[in-house]
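# Structure assessment
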Amino acid sequence: MSRRAVLIALTLLFAGVSPAARAGDLDPKGVEFFETKIRPILVEHCDRCHSAKAESINKLRGGLRLDTKEGFLIGGDTGPAIVPGKADESILIEALRYDDAVQMPPKGKLPDAVIDDFVTWVNIGAPDPRVAPTSPAKPADGGIDLDQGRTHWAYRPITAGPLPEVKQTPWPRDDIDRFLLAKLEAANLHPVADADRATLVRRLYFDLIGLPPTPEDIDAFVNDPSPNATETLVDRLLNSPEFGERWGRHWLDVARFAESLTLRGLIFKEAWRYRDYVIDTFNNDRPFDQFVREQIAGDLLPADSPDERRRQLIATTFLTLGNSNLEEQDKPQLDMDVVDEQLDTIGKTFLAQTIGCARCHDHKFDPIPTKDYYALAGILRNASMLKHANVSNWVEQPLPVPPDQEAALQNHEHAVAALEHQVKAERARLSALGKASAGKGVISVGALPGIVVDDSKAKKVGEWKLSQFSGSFIGAGYIHDLDTGKGEKSLTFEPERLEPGTYELWLAYSPGGSRAPTVPVTVFSADGDQPVSINMRKNPPIDGRFVSLGRYRFEKDGQSYVLISNDGTTGHVTADAVVFIPIDQASQSAAKLATKTPAQNPEAEKLKALEADLKRLRSSGPVRDMVMSVVESPEIKETRIHVRGSVHSLGAPAPRGVLQVATLGTAPVMPSDESGRRELAAWLAGEG
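Residues numbered from 1 in each chain as written. Predicted model: local features only at pLDDT ≥ 70, side-chain atom pairs only at ≥ 80, totals over all residues. Heavy atoms only, no water.

What follows covers the overall build of the chain. The number of helices and strands found in the chain is 21 helices and 22 strands. For the chain, with 688 residues in total, the buried portion stands at 43%. Within the chain, residue pairs in contact and separated by at least 24 positions form 71% of the contacts whose partners lie at least 6 positions apart. As displayed, the chain has an accessible area near 35900 Å², and 53% of this comes from carbon and sulfur atoms. (Helix = DSSP H or I, 4+ residues; strand = E, 2+ residues; numbered from the N terminus. Buried < 20%, exposed > 50% of the residue type's maximum accessible area, 1.4 Å probe, protein only. Contact = heavy atoms within 4.5 Å. Areas by Shrake-Rupley, 256 points an atom, 1.4 Å probe, with all protein chains shown as cover.)

Encoded structure:
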């Protein structure tokens, strides 16, 4: 496990206990249970970062001491992690059971027996005989005075103020003119004369549609004797399609509209639908409150027709347009970064209010406590816009169509699915024919692509045994840990010369039924250390020899090695080689190594014909219209405050809600079966 992962795990899992555990004498049986079942875990995983020694060398993490009873009771930055006597209400147990988004330890779930020990320990009151002075408790929050905040004009209801007095009373045509004239008179200025008609027509064209009038347009207006000529021209320009294009672009700027991501230049191929929706909204004079509700919760609103449902779904693209780093491998972090970007946009767009500052601490300038930030975040976290993978992808949903089109689409999709099934079955059959020879025999180091670090070049800690028993290996053989000395042995694969760049890493190992199912492997690269768990009981997927550890970036003179450990493993840990393959060669290298190809099988022509039929069928039939949107979570969950903004450091619960300081009257009640976006939209679009 990486140092960062250890720190996160410790801070989350052992964050502190309620002072209620102080009272009363400890039961000797409880003490014995702690000494035999709990203390060894704390010593093994916690002391180096959560002890007096760590504090003395400025390496105490999370403000948390776990080498004394008092340190456990006071806790660290995350607040209480257990409720003595109530294991099912404890953050610690949730994390150990992998019941929540936070799953600890991150390298793999602990054995059920160990988790059961912690459950028992919490339920009997978390007895701990250790006594020693500790650091003082954290100071309480300074708090935010919401009542005082509501007195600021920005959080007060809009009211009509008194009209200013003016001297030239005949000049103003409406109340706005009175305010303009008052400022002019205060500066001893006078209004200029009305613009001539040729100037006026140009101003109206540029203001309303952003385009100049033609000479014919100018002449028509100048020569129009009607007293309503100006009103008629304004109405015509407002009803022109160019009006929505001119003014919709201002909203698109606020909504951070784009048709691609910075990351790899990925294209939002369906984003244009949202652009057209915004233009259509301006051109059809759609009410602003409806415009707001549709963008936040259009997918949850009732619809009377397929066209209305299409519009509502397209509107929710607003939530998905952020420029996110989809390559982020810490997926809880990615999810929260997306929510943060959504909140930032919602705050600036609908509230003229920055909110993001409260992600890590109470807002420094505005009356927004951190709890309010996570109350809003809880709403958006229950509506996902991502499908996670190595590079995550945004959610796209089908748009509804009339019944006759839907029937045609379904017929085509059923035909495609049936042919896909045939292709898959034929591929599996041909693959089985060549599987017997895959991954067998000896390969020299020089025959492999990329930069190879053979097991003979690995730096070894502990005793590792060379073997050729499997008959399939690279170089002189492979090595294994003898299934002994667990936690005491490791291998470091470090290339001697590695040019800066991005590489795909392959690990070669010898599989088998006696192997360890969860081998901890850590890749150290320019982006930090990334833990990976390998099941060595399974056959490696690449040529029966290798498994990909992922793609990583390496810098000159930076860390660039792979560490394999037998810590916590059951069964033999094996290793043969680690290969560093430049990213532009990875796919080609896998193809060259593959020993089974359809062309080598006389029946491969059947597969080739099926694949050609499938390609033709896909390209010839009707295609569903898709839209970028969000999907409600199947299980609605509340969010906890993230201490200092860290997704791995959870604090007090923050039930879903809205900004307290900006709420007039009763705050909306969040439903248990929906995210709360419908209520958020109503709050944003309503009067209070």
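In this section: the confidence of the model for the chain. For the chain, the mean per-residue pLDDT works out to 85, and 86% of the residues sit at or above 70. Of the regions scoring below 50 in pLDDT, residues 1-24 engages in 78 contacts with residues more than four places distant in sequence or in other chains. A low-confidence stretch, residues 434-438 stays under pLDDT 50, and its non-local contacts, those more than four residues away or across chains, total 4 contacts. (pLDDT = per-residue confidence, 0-100.)

Attention now goes to the sheet that holds strand β7 (residues 459-461). Spatial strand order, β7-β11-β16-β13-β14: 5 strands in an open sheet with antiparallel pairing. Looking along the sheet, the strands with just one partner apiece sit at the ends: β7 and β14 (528-534). Strand-to-strand, the axes of this sheet are offset by a mean angle of 15°, without reference to chain direction. Sheet topology places strand β13 (residues 519-525) next to β14; 7 bridges connect them, and they run antiparallel. Paired with F524 across the two strands is D529, which belongs to β14. (Pairing = 2+ DSSP bridges. Axes fitted to C-alpha atoms, helices over the stretch in contact; angles between N-to-C directions.)

Attention shifts here to unusual backbone geometry. The phi torsion at A126 lies on the positive side, around 55°, for a residue other than glycine. Here A126 is to be found in the loop between α6 (112-123) and α7 (146-149). The class of A126 is buried, set by a relative accessible area of 9%.

Attention now goes to a nonpolar patch on the surface. Taken together, the side chains of W171, I176 and L180 present a nonpolar region at the surface, about 300 Å² in accessible area. Along the chain, L180 turns up in helix α8 (residues 175-186). (Patch = residues over 30% accessible without salt bridge, like charges linked within 9 Å, V, L, I, M, F, W, Y side chains within 5 Å. Salt bridge = Lys/Arg side-chain N within 4 Å of Asp/Glu carboxyl O.)

Let us now look at the packing of helix α9 (residues 197-209) against helix α11 (residues 229-238). The geometry of α9 relative to α11 is characterised by a closest axis approach of 10 Å and an angle of 25° between their N-to-C directions. With respect to each other, α9 and α11 are oriented roughly parallel. Crossing of α9 over α11 shows right-handed handedness. Contact residues: α9 offers R197, L200, V201, L204, Y205, L208 and I209, while α11 offers A229, T230, L233, V234, R236, L237 and L238. Across the contact of α9 with α11, the residue classes tally to 11 nonpolar, 1 polar and 2 charged. (Parallel < 35°, antiparallel > 145°, perpendicular 65-115°, else oblique. Left-handed = near helix turned anticlockwise from the far one by under 90°. Nonpolar A, V, L, I, M, F, W, Y, C, P; charged D, E, K, R; others polar.)

The antiparallel open sheet is built from 3 strands, whose spatial order is β8-β10-β17. Looking at strand neighbours, the two that pair on one side only are β8 (465-467) and β17 (574-575), the edges of this open sheet. Pairing analysis gives 2 bridges linking strand β10 (residues 478-480) to β17, with the strands arranged antiparallel. Note that in β17 the partner of I479 across the bridge is A575.

If charged atoms from side chains of opposite charge come close, those side chains can pair. This model, assessed by the stated rule, comprises 29 salt bridges. D337 is the partner of R359 in a salt bridge, and the nearest nitrogen-oxygen pair spans 2.9 Å. Taken together, the positions of R359 in the loop between α16 (331-350) and α17 (370-381) and D337 in helix α16 put the pair 22 residues apart, joining distant regions of the chain. Relative accessible area serves as the criterion here: at 28%, D337 is assigned to the partly exposed category. Among the ionic pairs, K459 bridges to E494, the shortest N-O distance being 3.4 Å.

Bringing the environment of L334 into the picture now. Of note, L334 is situated in helix α16. Those residues within four positions of L334 in sequence are excluded, and the remaining contacts are N325, L326, E328, L386, H388 and S392.

Below, the discussion takes up the side chain of E308. Residue placement: E308 occurs in helix α15 (residues 306-315). Buried E308, no salt bridge; nearest opposite-charge side chain is R311, N-O distance 4.0 Å. A polar atom in the side chain of E308 sits 2.7 Å from the backbone nitrogen of D304. Ignoring anything within four residues of it in the chain, the contact list for E308 reads P302 and A303. (Lys, Arg positive; Asp, Glu negative; His and termini not counted. Polar contact = N/O pair within 3.5 Å; in protein donor to acceptor, adjacent residues only side chain to side chain.)

Once that is clear, we can look at the packing of α16 against α17. Put simply, α16 and α17 touch, their axes get as near as 10 Å, and they point 110° apart. With respect to α17, the axis of α16 lies roughly perpendicular. For the pair α16 and α17, the sense of crossing is right-handed. Note on element contacts: α17 touches α16 through Y373, Y374, L376, A377, L380 and R381, opposite M336, V339, D340, Q342, L343 and I346.

As a further point, take the nonpolar core. In this structure, Y274 and I296 are the most contacted members of the largest nonpolar core, which totals 57 residues. At the level of elements, α12 (241-254), α13 (272-283), α14 (288-297), α15, α16, α17, β19 (626-628) and α21 (677-685) are the ones that each hand at least two residues to this core. Sort the elements by how many residues they give to this core and α16 lands first, with 7 residues. Not counting chain neighbours up to four residues away, the residues in contact with I296 comprise F318, L319, I346, F350, R677, L680, A681 and L684. Counting residues in hydrophobic clusters, the runner-up holds 28 residues, among them W464, L507, V547 and I564. (Core = buried A, V, L, I, M, F, W, Y, C linked by side-chain atoms within 4.5 Å.)

What follows covers the pairing of strand β11 (residues 490-493). Going residue by residue along β11, you find S490 and T492 tucked away on one face and L491 and F493 tucked away on the opposite face as well. Pairing of β11 with strand β16 (residues 561-565) involves 4 bridges; the strand directions are antiparallel. Its bridge partner being in β16, S490 is matched across the sheet by S565.

With 20 residues, α16 extends 28 Å from end C-alpha to end C-alpha; this agrees with the ideal 28 Å at 1.5 Å per step. Taken across its 20 residues, α16 has 14 buried, putting it largely inside the fold. Looking one or two places after α16, you find A352, whose phi comes out positive at around 50°. (Expected span 1.5 Å × (residues − 1).)

This part is about the packing of aromatic side chains. For the structure on display, the rule yields 15 aromatic pairs. A ring pair is formed by Y373 and Y374, whose centres lie 4.8 Å apart and whose planes are at 75°; its orientation type is edge-to-face. Residue Y374 is classed as buried on the basis of its relative accessible area of 0%. Geometry around F221 places R197 over its ring, the cationic atom sitting 4.5 Å from the centre. The aromatic ring of W247 is capped on one face by R246, whose charged end is 5.1 Å from the ring centroid. (Phe/Tyr/Trp six-rings, centres within 6.5 Å; stacked < 30°, edge-to-face > 60°. Lys NZ or Arg CZ within 6 Å of the ring centre and 35° of its normal.)

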